[in-house]
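Each chain, letter by letter, is given below.
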Amino acid sequence: MNAKTFYLAMAVVGAVVPWLFFGSFFALNGLDIPLFLKSLFANGAAGGFSADVLITIVIFWVWSWRDAARHHVPRWWLVLPASFCVGLSLALPLYLYLRERALRS
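Scoring rules and cut-offs
Starting afresh in each chain, residues are numbered from 1 along the sequence in its written order. Totals for whole chains, interfaces and linings use all residues, but because this is a predicted model, local features are given only for residues with pLDDT of at least 70 and pairs of side-chain atoms are given and counted only at 80 or more. Hydrogen atoms and water are omitted, and side-chain values are computed over all heavy atoms in the structure. Cavity means a closed set of points on a 1 Å grid over the protein atoms alone, one where a 1.4 Å probe fits but cannot get out, pocket means an open set with protein on both sides within 12 Å along at least 5 of 7 lines, and lining means a residue has an atom within 4 Å of a point. Grid points are joined across faces, edges and corners, and a volume is the space filled by probe spheres set on the points. Per the convention used, a helix needs a DSSP run of H or I reaching at least four residues, while a strand needs a run of E reaching at least two, with both numbered from the N terminus. Charged means Asp, Glu, Lys or Arg here, nonpolar means Ala, Val, Leu, Ile, Met, Phe, Trp, Tyr, Cys or Pro, and polar covers whatever is left, Gly included. For every residue, the accessible area (1.4 Å probe, protein chains only) is compared with the maximum for its type, and the residue is labelled buried under 20%, exposed over 50%, or partly exposed between those bounds. The definition of a polar contact used here is a pair of N or O atoms within 3.5 Å, where within protein one atom must be able to donate a hydrogen and the other to accept one, and adjacent residues in sequence count solely through side-chain atom pairs. The contact definition used throughout considers only heavy atoms, calling two residues in contact when any of these lie within 4.5 Å. What a helix should span is 1.5 Å times the count of its residues minus one. Counted as salt bridges are all cases of a side-chain nitrogen of Lys or Arg within 4 Å of a carboxyl oxygen of Asp or Glu.

Undergrad: How should the layout of surface pockets be read in this particular structure?
TA: One water molecule sets the probe size; rolling that probe over the atoms shows where empty space is left. The volume enclosed by the largest pocket comes to roughly 860 Å³. Lining the largest pocket are 26 residues, with Phe22, Phe36, Leu40, Val86 and Gly87 positioned closest to its centre. Those elements that provide at least two residues to the lining of the largest pocket are α1 (3-29), α2 (33-40), α3 (44-71), α4 (79-85) and α5 (88-104). The residue makeup of the lining of the largest pocket, split by class, is 21 nonpolar, five polar and no charged.

Below, the structure written as structure tokens:
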């Protein structure tokens, strides 16, 4: 398996696995976004993990924007909705897939 295929496969896994958890939350609580956001910081462990991931996403946005400009990665901006709708588990492998594709062309 080459790197491009691996990144694409991990993007799929990175989209599906979090949505298994998100889906069960929304099935149980409905589309209660305030409760969802409150649950991200329900206790110290969840809050620390959520803060870590949110900070990392912001760093990733800046890095991917600069890297995409340097390497002429088309559609790099897809990482923005990917990170909002799922998270870094989708956004990072998606960007690496797009980058790999651009570098090979």
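Following the structure, the description resumes.
Undergrad: Help me out: how do you make sense of the environment of valine 16 in this one?
TA: Topologically, valine 16 is positioned in helix α1. You can call valine 16 partly exposed: its relative accessible area is 46%. Valine 16 sits twelve residues away from leucine 28 along the chain, and the two C-alpha atoms are 18 Å apart.

Undergrad: Whenever I open this one, unusual backbone geometry confuses me. Can you help?
TA: Negative phi values dominate among residues other than glycine, just as trans dominates among peptide bonds. Phi at histidine 72 takes a positive value of approximately 55°, unusual for a residue other than glycine. On the secondary structure map, histidine 72 appears in the loop between α3 and α4.

Undergrad: Help me out: how do you make sense of the side chain of aspartate 67 in this one?
TA: In this structure, aspartate 67 sits in helix α3. By relative accessible area, aspartate 67 is classed as buried at 3%. Engagement of the side chain of aspartate 67 in a polar contact is seen with the side chain of arginine 99, the distance being 2.6 Å. Residues contacting aspartate 67, with those up to four places away along its chain left out, are Tyr95 and Arg99.

Undergrad: I'm lost on α3 in this one. Help?
TA: For α3, spanning 28 residues, the distance from its first C-alpha to its last is 39 Å, which sits close to the expected 40 Å at 1.5 Å a residue. All of the buried residues in α3 are Gly47, Ser50, Ile57, Phe60, Ser64, Asp67 and Ala68. Looking at the buried residues of α3, the elements they touch are α2, α4 and α5. Of the residues trailing α3, histidine 72 is marked for its positive phi of about 55°.

Undergrad: Where do I start with the environment of alanine 45 in this structure?
TA: Its location among the elements puts alanine 45 in helix α3. Its relative accessible area of 62% is what places alanine 45 among the exposed residues. Between the alpha carbons of alanine 45 and leucine 8 there is a distance of 30 Å; along the sequence they are 37 residues apart.

Undergrad: What is the right way to read the pattern of salt bridges from this model?
TA: Should their charged atoms come close, side chains of opposite charge can pair. Applying the stated criterion across every chain, the model contains three salt bridges. The partner of arginine 99 in a salt bridge is aspartate 67, with the nearest N and O atoms 2.6 Å apart. Of this pair, arginine 99 sits in helix α5 while aspartate 67 is found in helix α3, placing the two residues 32 residues apart along the sequence.

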